[in-house]
Amino acid sequence: MERVTDVAAAVESTVESLLGVLDSARLAQSPAVPPAQLRVLTIISRSEHTNMSRLAEALDVVPSSASRLCDRLEATGLLRRVPDPRDRREVRLLLTPAAHLLLEELRERRRAALAEVLERMSPTGRLELVRALAAFDTATGAATAKDDQDGLRSA
């Protein structure tokens with residue numbers, strides 16, 4: 001059996017290849033949206049109750065940095081700031097239809113790029129990959145749950 005550190009090195013190398021495939025799909029996007037702005041759009045797309053402080057926390061940046069990113073996205077028509085109906089002192093961040101379309105097109109391009117690579121693998125290799133990724137995902141979930149119990153993750 002391989003040492004865990006050898007497996008970790010192999011996974012790291014493979015992840016770099018995977019990121020290269022995904023990044024090439026992002027770079028094919030027109031107009032190009034910087035990775036930090038895409039991350040903001042992705043975070044907001046996952047929660048309809050995202051405000052500036054939650055976004056800053058998710059990005060691990062100070063609120064003024066998150067606000068500048070939002071300024072740029074708002075200027076390009078990808079983001080809107082609206083008063084939160086639950087608390088008028090808060091500003092809710094909402095994606096525009098253009099942002100939803102941009103994220104969906106990016107997902108489609110990424111999936112197509114991944115499918116192109118996966119087509120070059122044998123059906124058995126693809127099945128083994130899916131099983132290995134599921135096992136990794138399960139292990140990650142177990143580690144996250146343990147971190148939560150140990151108080152290592154913040155809410």
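What you see is a predicted model, and the numbers here were worked out from it, not measured in a lab. Sequence positions are assigned chain by chain, starting from 1 and proceeding in written order. Side-chain atom pairs in this predicted model are given and counted only at pLDDT of 80 or more, local residue features only at pLDDT of at least 70, and totals for whole chains, interfaces and linings cover all residues. Each side-chain value is worked out from all heavy atoms of the structure, with water and hydrogens disregarded.

Draft legend 1. Structural context of the nonpolar core. Formed by 22 residues in total, the largest nonpolar core has its most connected members in L41 and L55. Here a helix means four or more residues in a row that DSSP labels H or I, a strand means two or more in a row labelled E, and each is numbered from the N terminus. Elements with a minimum of two residues in this core: α2 (35–46), α3 (52–59), α4 (63–75), β2 (87–95) and α5 (97–119). Ranked by the residues each element gives to this core, the list is headed by α2, at five residues. Note on definitions: a residue-residue contact is assigned when non-hydrogen atoms from the two residues lie within 4.5 Å. Setting aside chain neighbours within four positions, we find L41 in contact with L73, L78, L95, A99, L102 and L103. Think of a nonpolar core as a cluster: buried Ala, Val, Leu, Ile, Met, Phe, Trp, Tyr and Cys residues, connected wherever their side-chain atoms sit within 4.5 Å. In this scheme, a residue with accessible area under 20% of its type's maximum is buried, one over 50% is exposed, and one in between is partly exposed, where area comes from a 1.4 Å probe on protein chains only.

Draft legend 2. A look at the pattern of salt bridges. Each reported salt bridge corresponds to a side-chain nitrogen of Lys or Arg within 4 Å of a carboxyl oxygen of Asp or Glu. This model, assessed by the stated rule, comprises nine salt bridges. The salt bridge partner of R92 is D84, with a shortest N-O separation of 3.3 Å. For R92, a relative accessible area of 13% translates into the label buried. A network of salt bridges, in which partner residues are shared, links D71, E74 and R81.

Draft legend 3. Quick look at the environment of R126. Counting through the fold element by element, R126 comes out in helix α6 (residues 123–150). Residue class for R126 comes out partly exposed when judged on its relative accessible area of 28%. Contacts described as polar in this section are N or O atom pairs within 3.5 Å, which, within protein, must combine one atom able to donate a hydrogen with one able to accept it, while residues neighboring in sequence count only if both atoms come from side chains. Here M121 takes part through its backbone oxygen, which lies 2.8 Å from a polar atom of the side chain of R126.

Draft legend 4. Broad picture of the environment of L95. Positionally, L95 belongs in strand β2. Separated by 53 residues in sequence, L95 and T42 place their C-alpha atoms 9.5 Å apart. Beyond its immediate sequence surroundings of up to four residues, L95 is in contact with L41, I44, S45, L78, L79, H100 and L103.

Draft legend 5. Representation of the packing of α2 against α4. The contact between α2 and α4 brings their axes to 10 Å, and the two run at 90 degrees. When the axes of α2 and α4 are compared, the pair comes out roughly perpendicular. Seen from α2, the contacting residues are A36, Q37, V40 and L41; seen from α4, they are L69, R72 and L73. In terms of residue class, the contact of α2 with α4 is built from five nonpolar, one polar and one charged. In this description, a line fitted to the C-alpha atoms serves as the axis of each element, helices being fitted only across the stretch in contact, and the angle between N-to-C directions of two axes falls anywhere from 0 to 180 degrees. For classification purposes, an angle smaller than 35 degrees is called roughly parallel, one larger than 145 roughly antiparallel, one from 65 to 115 roughly perpendicular, and anything else oblique. Residue classes follow a fixed rule: Ala, Val, Leu, Ile, Met, Phe, Trp, Tyr, Cys and Pro count as nonpolar, while Asp, Glu, Lys and Arg count as charged, and any other residue, Gly among them, counts as polar.

Draft legend 6. Structural view of the environment of P31. Residue position: P31 is located in the loop between α1 (4–27) and α2. For P31, a relative accessible area of 61% puts it in the exposed group.

Draft legend 7. Local environment of unusual backbone geometry. Phi at D60 takes a positive value of approximately 60 degrees, unusual for a residue other than glycine. Tracing the sequence through the fold places D60 in the loop between α3 and α4. Assessed through its relative accessible area of 70%, D60 is described here as exposed.

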